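Take a look at the letters that make up each chain.
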Amino acid sequence: QVQLVESGGGLVQPGGSLRLSCAASGRDFSDYSMAWFRQAPGMEREFVAAMSRSGGFINYGDSVKGRFTISRDIAKTTAYLQMNDLEPADTAVYYCAADYYGVGRTIAEPYEYWGQGTQVTVSS
């Protein structure tokens, strides 16, 4: 089992940056594939980024590719989402997710564990 807690969301102007954190506790952090999804009010859940448990596979949603970076610090048992060049369309609740021995899928169903979400609002 793993518990996930996101933090780092907030208000930012267009073009600004934020780094989201996902602190994990429980099983060995390195045994999990990690991902980030987001959901805006009235919108479908959207894939943002994923990393396999080994870090050998990393993928990004088309809308964030080149702007966002997923990473993890095994020693700190924390995953990150660095978000640069933020746009109003990035406004959403961001969720981290974990899949035990996962491969970094870009759909939500394989992920067994989810954080509570953190709000990101991009507005001038």
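For the structure given in this document, a descriptive report is provided here. Note that the coordinates shown come from a computational prediction; the quantities given were computed from them, not determined experimentally. (Residues numbered from 1 in each chain as written. Predicted model: local features only at pLDDT ≥ 70, side-chain atom pairs only at ≥ 80, totals over all residues. Heavy atoms only, no water.)

Quick look at the nonpolar core
Here's step 1: Counting residues in each nonpolar core, the largest one holds 29 residues, and the members touching the most others are Leu4, Trp36, Leu81, Met83 and Tyr94.
Here's step 2: Counting only elements with at least two residues in this core, the list comes to strand S1 (2-7), strand S3 (18-26), strand S4 (32-39), strand S5 (46-51), strand S7 (68-73), strand S8 (78-83), strand S9 (92-100) and strand S11 (118-122).
Here's step 3: The residues contacting Tyr94, other than those within four sequence positions of it, are Glu6, Leu20, Trp36, Phe37, Arg38, Val48, Phe68, Leu81, Met83, Gly117, Thr118 and Val120.
Here's step 4: Core analysis: the second largest hydrophobic core is formed by seven residues, Ala35, Ala97, Ala108 and Tyr111 among them. (Core = buried A, V, L, I, M, F, W, Y, C linked by side-chain atoms within 4.5 Å. Buried < 20%, exposed > 50% of the residue type's maximum accessible area, 1.4 Å probe, protein only. Helix = DSSP H or I, 4+ residues; strand = E, 2+ residues; numbered from the N terminus. Contact = heavy atoms within 4.5 Å.)

Overview of unusual backbone geometry
Here's step 1: At Thr77, a position not held by glycine, the phi torsion is positive, near 45 degrees.
Here's step 2: You will see that Asp85, though not glycine, has its phi angle at about 50 degrees, which is positive.
Here's step 3: With relative accessibility at 45%, the residue Asp85 sits in the partly exposed group.

Details of the sheet that holds S3
Here's step 1: A sheet is described by the order of its strands in space; here four strands give the open sequence S1-S3-S8-S7, paired in antiparallel fashion. Looking at which strands have only one partner, the edges of the open sheet turn out to be S1 and S7. Along the sheet, successive strands turn relative to each other by an average axial angle of 15 degrees, direction set aside.
Here's step 2: As paired elements, S3 and S8 share six bridges and run antiparallel to each other. In the sheet register, Cys22 faces S8, and the bridge partner there is Ala79. (Pairing = 2+ DSSP bridges. Axes fitted to C-alpha atoms, helices over the stretch in contact; angles between N-to-C directions.)

Some points on the pattern of salt bridges
A side chain of one charge can pair with a side chain of the opposite charge if their charged atoms are brought near each other.
Here's step 1: Taken as a whole and judged by the stated rule, the model has five salt bridges.
Here's step 2: The salt bridge partner of Asp90 is Arg38, with a shortest N-O separation of 2.8 Å. Of this pair, Asp90 sits in the loop between S8 and S9 while Arg38 sits in strand S4, and the two are 52 residues apart along the sequence.
Here's step 3: In this structure Arg38 comes out as buried when scored by relative accessible area, which is 4%.
Here's step 4: With a closest N to O distance of 2.8 Å, Arg67 and Asp90 form a salt bridge. (Salt bridge = Lys/Arg side-chain N within 4 Å of Asp/Glu carboxyl O.)

Considering the state of the cysteines
Here's step 1: Tallying each qualifying case throughout the model produces one disulfide.
Here's step 2: Each sulfur in the disulfide pair Cys22 and Cys96 lies 2.0 Å from the other. A torsion of 60 degrees about the S-S bond marks the disulfide between Cys22 and Cys96 as right-handed. Placement of the pair is Cys22 in strand S3 and Cys96 in strand S9, with a sequence separation of 74 residues. The pair formed by Cys22 and Cys96 is uniform in burial state, with each residue classed as buried. (Disulfide = S-S within 2.5 Å.)

Let's talk about the pairing of S9
Here's step 1: Across eight bridges, the pairing between S4 and S9 is antiparallel. Within S9, the position partnered with Met34 by the bridge is Ala98.
Here's step 2: Two strands pair when backbone bridges link them, and S9 and S11 are joined in this way by three bridges, in the antiparallel orientation. Following the sheet pairing, Ala92 is matched in S11 by Val120.
Here's step 3: Taken together, the two bridges between S9 and strand S10 (residues 113-114) define a ladder with antiparallel strand orientation. Bridge pairing in S10 links Ala97 to Trp114.

Purely geometric stuff here, so don't read any function into it on its own.
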